[in-house]
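Breakdown of the fold
One-letter residues, chain by chain:
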Amino acid sequence: MAEAQAQQRGGYTDDGPATAEGGVRFEVDGEIATITLARPEKRNAQTFATWSALARIGESLPEQVRVVVVKGEGPSFSAGIDLRMFTAEGVPGQGSFGSAARSDGADFEQRIRQAQAGFLWLRRPEIVSIAAVQGHAIGAGFQLALACDLRIVADDVSFCMKEPALGLVPDLTGTKPLVELVGLAKAIDICLTARTVHADEAMRIGLAERVVAGGDLDQAIGEKVAQLLSTNRDAAVATKRLLQGAQARTLEEQSVAEGIEQAARIRALFG
Ligand code: ACO
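Note that this is a predicted model, so its numbers are computed, not measured.

**Details of the sheet that holds strand β9 (residues 196–198)**
Judged by pairing direction, the sheet is mixed, and its three strands sit side by side in the order β6-β8-β9 without closing on themselves. Edge strands, defined here as strands with exactly one partner in the open sheet, are β6 (136–138) and β9. On average, each strand axis in the sheet is inclined to that of its neighbour by 20 degrees, with strand direction left out of account. Strand direction decides the pairing type here: β6 and strand β8 (residues 158–160), joined by three bridges, are parallel. For histidine 136, the partnering residue across the bridge sits in β8 and is serine 158. Contacts from helix α5 (residues 140–147) reach β6 and β8, with the element oriented near 95 degrees to β6.

Listed below in structure tokens is the structure:
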């Protein structure tokens, strides 16, 4: 019942209106979808309910959507995993790492795969995802920003891959995009020191596409969305598919792939 009400509002609140542990709001306006982490009083800390809400949004994303904006309400984009996961009590209804450690290892791996599903769909060729990041993007928050195609950040942004400091690895799909964006050496430096990356460095090393004053973040996102919507939809999808496959292919293979995509475009445009 509570879930049904939440979905009517366009939101997902896995644990009902009183606790709203999922803490994710979802709105669609034509070709633009906006996902908002909406638990600012807890700095948008993430739980399993957050990740299943994200996965469900991905599963039911309306076909007309071309751009997905991921943002966080309040001073921080996201302070990462809800630290109650590390306590004996855990997150009500969702357990804790202690209870997970005592469960069958395969079960927990499956649970991690489910959580990752909330992040992986943001790379689909059919959409471009943009993270609007202000304040803290720590751990799972950093990885959610990394799950997006583009990151536009406020000048107060601070990225931190805190997992290794807590005895964990980053497991929410963040390691591959981080290495691809900044290179292996810098990724090792950032993760294994758990140090903070501020706006100027984020821009310099390729983590951020653009840095703006905090008050200008919404406008900067709006400008990027408009630019992305100005190109041909089918060509954009095919081009993203090509770009995503480029690293894994040889130049020769990539050239062949370009030809195949272009022949399909020409047939669609002039056939
Ligand atoms: N989990 C649960 N609650 C959190 C989290 C979190 N990750 N982060 C912040 N909160 C809560 C605080 O407990 C506090 O709650 P309260 O008002 O009931 O006391 C509220 O959010 C505000 O937090 P403050 O610390 O007061 O906010 P501030 O702006 O001063 O600091 C900061 C923000 C730096 C993000 C700080 O809250 C922090 O260090 N949080 C923990 C970050 C962390 O270690 N995350 C785990 C990373 S590893 C991973 O994601 C796998």
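Having seen the model, we can carry on.
**Comments concerning the site of the ligand**
Residues in contact with the ligand amount to 16 residues; listed here are only the nearest, Lys42, Ala79, Ile81, Leu83 and Ala140. Take lysine 42: an N or O atom from its side chain is 2.4 Å from an oxygen atom of the ligand. The contact in question runs from a nitrogen atom of the ligand to an N or O atom on the backbone of leucine 83, over 2.8 Å. For the ligand, whose accessible area on its own is 930 Å², the fraction buried by protein is 63%.

**Overview of the pattern of salt bridges**
What the rule picks out here adds up to 14 salt bridges. Where aspartate 82 meets arginine 39, a salt bridge forms, and the shortest distance between an N and an O atom there is 2.9 Å. Residue aspartate 82 is located in the loop between β4 (67–72) and α3 (97–102), and its partner arginine 39 is located in the loop between β3 (32–37) and α2 (48–59); the two are separated by 43 residues in the primary sequence. Both residues of the pair, aspartate 82 and arginine 39, belong to the buried class. Within the structure, one salt-bridge network assembled from shared partners comprises Lys186, Asp189, Arg195 and Glu201.

**Some remarks on the nonpolar core**
Formed by 52 residues in total, the largest nonpolar core has its most connected members in Val68, Phe159 and Leu207. In terms of residues, this core owes the most to one element, α5, which gives six residues. Leaving out residues up to four positions away in the same chain, valine 68 has contacts with Ala33, Ile35, Leu61, Trp121, Leu122, Ile127, Val128, Ser129 and Ile130. Among the nonpolar cores identified, the runner-up in size contains 13 residues, and Val128, Ala132, Ile152 and Val212 belong to it.

**Quick word on the pairing of strand β2 (residues 24–29)**
Alignment of β2 against β3, held across six bridges, turns out to be antiparallel. Bridging from a neighbouring strand, phenylalanine 26 pairs with isoleucine 35 of β3. Here β2 hands over to β3 after two residues, with glycine 30 in that stretch at a positive phi of 65 degrees.

**Considering the environment of valine 70**
Among the secondary structure elements, valine 70 is positioned in strand β4. On a C-alpha basis, the gap between valine 70 and isoleucine 260 in space is 32 Å, while along the polypeptide they are 190 residues apart. Residues in contact with valine 70, not counting those within four places in the same chain, are Ile35, Phe77, Leu122, Ile130, Ala131, Ala132, Leu144 and Cys148.

**Regarding the domain arrangement of the chain**
When its domains are assigned, the chain resolves into domain 1 (21–230) and domain 2 (232–270). The gap between the C-alpha centroids of domain 1 and domain 2 is 28 Å. Taken together, the contact pairs 15 residues of domain 1 with eight residues of domain 2. Carbon and sulfur atoms make up 41% of the area that domain 1 and domain 2 hide from each other, which totals about 760 Å². The largest per-residue losses of area from domain 1 upon contact with domain 2 belong to Arg66, Pro125 and Glu126, which jointly make up 59% of the total buried on that side. Put simply, lysine 240 and aspartate 149 hold a salt bridge, and the shortest N to O gap is 2.6 Å.

**With respect to the packing of α2 against helix α4 (residues 105–120)**
It is the contact of α2 with α4, at a shortest axis distance of 6 Å, that shows an interaxial angle of 55 degrees. Between α2 and α4, the angle is such that the two are oblique. Helix-helix and strand crossings are classified by hand; for α2 and α4 the assignment is left-handed. Here Phe48, Trp51, Leu54 and Ala55 of α2 come into contact with α4, specifically with Phe108, Arg111, Ala115, Ala117, Gly118 and Phe119. Classifying every residue of the contact of α2 with α4 gives eight nonpolar, one polar and one charged.

Procedures and definitions
Residues numbered from 1 in each chain as written. Predicted model: local features only at pLDDT ≥ 70, side-chain atom pairs only at ≥ 80, totals over all residues. Heavy atoms only, no water. Pairing = 2+ DSSP bridges. Helix = DSSP H or I, 4+ residues; strand = E, 2+ residues; numbered from the N terminus. Axes fitted to C-alpha atoms, helices over the stretch in contact; angles between N-to-C directions. Contact = heavy atoms within 4.5 Å. Near = heavy atom within 4 Å. Polar contact = N/O pair within 3.5 Å; in protein donor to acceptor, adjacent residues only side chain to side chain. Areas by Shrake-Rupley, 256 points an atom, 1.4 Å probe, with all protein chains shown as cover. Salt bridge = Lys/Arg side-chain N within 4 Å of Asp/Glu carboxyl O. Buried < 20%, exposed > 50% of the residue type's maximum accessible area, 1.4 Å probe, protein only. Core = buried A, V, L, I, M, F, W, Y, C linked by side-chain atoms within 4.5 Å. Domains from an automatic or database assignment. Buried area = accessible area lost by both parts, 1.4 Å probe. Parallel < 35°, antiparallel > 145°, perpendicular 65-115°, else oblique. Left-handed = near helix turned anticlockwise from the far one by under 90°. Nonpolar A, V, L, I, M, F, W, Y, C, P; charged D, E, K, R; others polar.

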